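Observations on the model geometry
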Amino acid sequence: MKFVNRNTLFHRLDPRTKIAMSLMCACLIVVLRTPEGLLVLFSILLATFFFARPPVAYVKTLMYLMGIAVIFTVISQGFFYYFEPKTSILTIVPENWGWIGKMTGGLAIYREGLIYGAVQSLRLCSAMVLSMTIVMTTYPSDLILGLERIGVPEKVGFVVTVSIRFLPAIIEEAKRILIAQKLRGLSVKGVRGGFEVMRYLLPPLIIDSLRHARRIALAAAVRAYTGERTHIRTLRFSRTDWIAVVISTFITLFLVFFYGGLL
Amino acid sequence: MMIRIENFTFAYPDSDKPALENISLEAAKGELLLVRGKSGSGKSTLLYCLNGIVPHIFNGEYSGRVQVNGFSPGDISIREISKTVGTVFQNCDSQIFMMRVEDDVAFGCENLRMSKDEILRRRDEALKVMGLWEMRRKETFKLSGGQKQRLAISAIYAMGPKIFLLDEPTTDLDQDGRKDFFNILKQLKSEGKLIILAEHQYEGYMPLVDRIVTLDNGRVVPSVYASDGHPDSFQGYGSLADIIISCKDLCVGYEKGEPVLKNIDIEVRRGEVVALSGRNGSGKTTLLKSLAGILRPSAGCLTVLEKVNPRLETLTGNVGFLFQNPDEQLFTDCVEEEIAFGPRHLGKEVDIEKYLHISGLYDARSSHPQTLSRGQRQVLAVTSILAMEPEILLLDEPTTGLDETNWGRLFSLLHQCVKEGKTVVFTTHNRKAAGTASRIIHIDEGKIVSDEIRK
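Quantities reported herein were computed from a predicted structural model and do not represent experimental measurements. (Residues numbered from 1 in each chain as written. Chains lettered and ligands numbered in written order. Predicted model: local features only at pLDDT ≥ 70, side-chain atom pairs only at ≥ 80, totals over all residues.)

A few words on the overall build of chain A. From N to C terminus, chain A includes 10 helices and two strands. N-terminal to C-terminal, the α/β element order of chain A is α-α-α-α-β-α-β-α-α-α-α-α. The C-alpha radius of gyration computed for chain A amounts to 24 Å, which surpasses the reference 18 Å derived for 263 residues by more than 25%, pointing to a less compact arrangement than a globule. Overall, the C-alpha framework of chain A stretches about 75 × 60 × 35 Å when taken along its three principal axes. Counting every position in chain A, which comprises 263 residues, the buried fraction comes to 24%. Look at the contacts in chain A between residues 6 or more apart in sequence, and 79% of them connect residues 24 or more apart. (Helix = DSSP H or I, 4+ residues; strand = E, 2+ residues; numbered from the N terminus. Rg over C-alpha atoms; globule rule 2.2 N^0.38 Å. Buried ≥ 20, exposed ≤ 12 C-beta atoms within 10 Å, placed from the backbone. Contact = placed C-beta atoms within 7 Å.)

Pasting the structure below:
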């Protein structure tokens, strides 16, 4: 999952605008309580996602992740819904079923739980679509520059840049270590095999990352890095950005008043 | 004199032996000074003393004087020094910070807080001089090894230093990358820059070198040229034995795009020592990986040890594979355990003592593998694969970064296993290493260009 170079309106927005919009969405995800409100929010986000012209592979990944999120939240909430009142629609273990019944206190699927799960999964899915849209449409260093411009310290920004830059290398390395383990006869079977793999994966991965980190630190020092920098990339907050901010603020307020339970 | 070192001695904090001892050295504008020496001889430390990493980052005890362009590196900050002294390290990957080529070239200048126009001017000039202009918008992780090296040098060049310290900058480069680097050195020299080059494989650069400094155990010793003989040669091995690897019309590719290897036909006989040579990105590592079953053929037929288009799991134990970076294959916390790891998981009874002896690691048998030197780690990684007593040994660039001692150890290990009737296939872009093989297969753009059996 990374930046996709396209020329859509959403790609052209200033990263600060996108950060502001994400913050508004984050608030809405928490504040909105009714299924209708969350559904409206989710639809808007999904529309934005498709508006940014995602590659087919990204759409598939998103559907897959959302599918898992929905199934798990709905099922788990259906079973373990806690609040009263609740209506059982399918009883699996009745309360009076000897010791199993006593121990579990009865096991059933509740209608309110299913609804609650659906609402929760809407929240999860909204967050997923949102983060995917942002990552897909913003050049990473612009996002960091945006964060710095709104007051995140330069050093934090640099740490994030470097992590993004080096994360793929670490993942590649982990893959090679796993192959090297297989080639030396370590076979993965069951939970214990998994632990064995981890036991022999983490030490070389961590030690090599530390070595790598030291090399990076030296290289940064000789490139005069001290935490203060003149950026040649500049951000431009255009009229489109103002319009986008105004419209999203308006939508946010609208959703809060109509579905947030404040009225 | 731009650099003047007088009676300089330096010891790292946890070490009882000085890393540099009584060094005296002078160098002037426009000179190219070659620093030679085994790993651990003090080459890198010498460079660290000039760019301020010693004493600012690695502090220790020191005596004597270091003067660089009229100042002493201990007295001013590394940032200040970096305006005069530029450093390029061996591993180009850890020197690239930005996602886009042009952003990375500007990074150093941004840190020096130059004006925006100045940064842009310097950035564009560096990109043009170093021949990166065409790929300035490219993402840095998509560059080849040689291009990354050029980017690392450009990024330093843009900062405008008078002195360039190059710490084994071409270890990972192929022949073409080295030719490129030769031209970069020429360019820098013509601009009157002082260059200090620490390098194992320096033969190609000799025409540009003004002086040689040889370090041994932290001291300067009289320079002697290394001989060019091939005492490690395997010529004439394995020409009549049975075929154990065969590729027919083999194509291998990654998920998308054209296959990396196209219609490869090779037969390898038991006991052969085959060198796969070629540029970075020519497909030699891809071929090696498919022989181990790490990559599967997309078309054609590959037979290894009578298994057709084998999977990794079916070859485990019979085929040993060495990755380029030894650290990715050392998992355990002691040398002895590391060698025993493979045999134990395969349920083979193996004489570990024997392998400790032939690898020269007997005295280090209870050390943690990660505390060994890079060369020793490489030898250990090879040994722990040999200990599984595989029929076929596949090695990806086994000589990268080895000094003469560990080079000798590696080849005596390989001799040992060829004598036992094993087959070795290795990739290399080092001519000396390729010259030892009984057969050299040259690959370019995924195709076999030449296949020479040497007698």
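Residue and element names in this part refer to chain B. An order of β15-β16-β17-β12-β18-β19 is seen for the six strands of this open sheet, with the pairing classed as mixed. Two strands close off the open sheet at either side, each with one partner strand: β15 (319–322) and β19 (447–453). Pairwise comparison of adjacent strand axes, ignoring direction, gives a mean angle of 15° for this sheet. By the bridge criterion, five bridges tie strand β16 (residues 392–396) to strand β17 (residues 423–428) in an arrangement that is parallel. By the bridge assignment for β17, Asp 396 is matched with Thr 427. (Pairing = 2+ DSSP bridges. Axes fitted to C-alpha atoms, helices over the stretch in contact; angles between N-to-C directions.)

With that out of the way, let us pick up the interface of chain A and chain B. Taken residue by residue, the interface counts 39 residues in chain A and 48 residues in chain B. Of all elements in the fold, only α7 (140–149), α8 (154–183) and α9 (190–222) of chain A reach the threshold of two or more residues within the side of chain A that touches chain B. Top element by residues in the side of chain A that touches chain B is α8 of chain A. It accounts for 13 residues.

Right, let's get into the domain arrangement of chain A. Per the domain assignment, the segments of chain A are domain 1 (1–138 + 235–263) and domain 2 (151–232). Taking the mean C-alpha position of each, domain 1 of chain A and domain 2 of chain A sit 32 Å from one another. (Domains from an automatic or database assignment.)

So, on to the packing of helix α6 (residues 145–157) of chain B against helix α7 (residues 175–190) of chain B. Residue and element names in this part refer to chain B. It is at 9 Å that the axes of α6 and α7 come closest, and there the two elements cross at 20°. On the basis of the axis angle, α6 is roughly parallel to α7. Read as a crossing pair, α6 and α7 show a hand that is right-handed. From α6, Gly 145, Gly 146, Gln 149, Arg 150 and Ile 153 reach across to α7, where they touch Asp 176, Gly 177, Asp 180, Phe 181 and Ile 184. Looking at side-chain class alone, the contact of α6 with α7 contains three nonpolar, four polar and three charged residues. (Parallel < 35°, antiparallel > 145°, perpendicular 65-115°, else oblique. Left-handed = near helix turned anticlockwise from the far one by under 90°. Nonpolar A, V, L, I, M, F, W, Y, C, P; charged D, E, K, R; others polar.)

The next thing to look at is the environment of Lys 422 of chain B. Residue and element names in this part refer to chain B. Assignment of secondary structure puts Lys 422 in the loop between α13 (404–419) and β17. Among the residues examined, Lys 422 registers 21 C-beta atoms within 10 Å and is labelled buried. With 32 residues separating them along the chain, Lys 422 and Pro 390 place their C-alpha atoms 7.5 Å apart. Excluding residues that lie within four positions of it along the chain, Lys 422 makes contacts with Glu 391, Ile 392, Leu 393 and Cys 417.

Residues and elements named next belong to chain B. An ideal rise of 1.5 Å per residue puts 18 Å on 13 residues; helix α12 (residues 374–386) measures up with 19 Å between its terminal C-alpha atoms. Of all 13 residues that make up α12, 12 are buried, and the element is covered over most of its length. Buried residues belonging to α12 abut β15, α10 (335–346), α11 (352–358), β16 and α13. (Expected span 1.5 Å × (residues − 1).)

At the junction of Val 54 of chain B and Pro 55 of chain B, the peptide bond is cis and its omega measures out at 5° in the coordinates. Topologically, Pro 55 of chain B is positioned in helix α2 (residues 53–56). If you check the backbone angles, Arg 53 of chain A has positive phi at about 50° while not being a glycine. With respect to the helices and strands, Arg 53 of chain A occurs in the loop between α3 (35–51) and α4 (56–80). Residue classification places Arg 53 of chain A among the partly exposed residues on the basis of 15 C-beta atoms within 10 Å.

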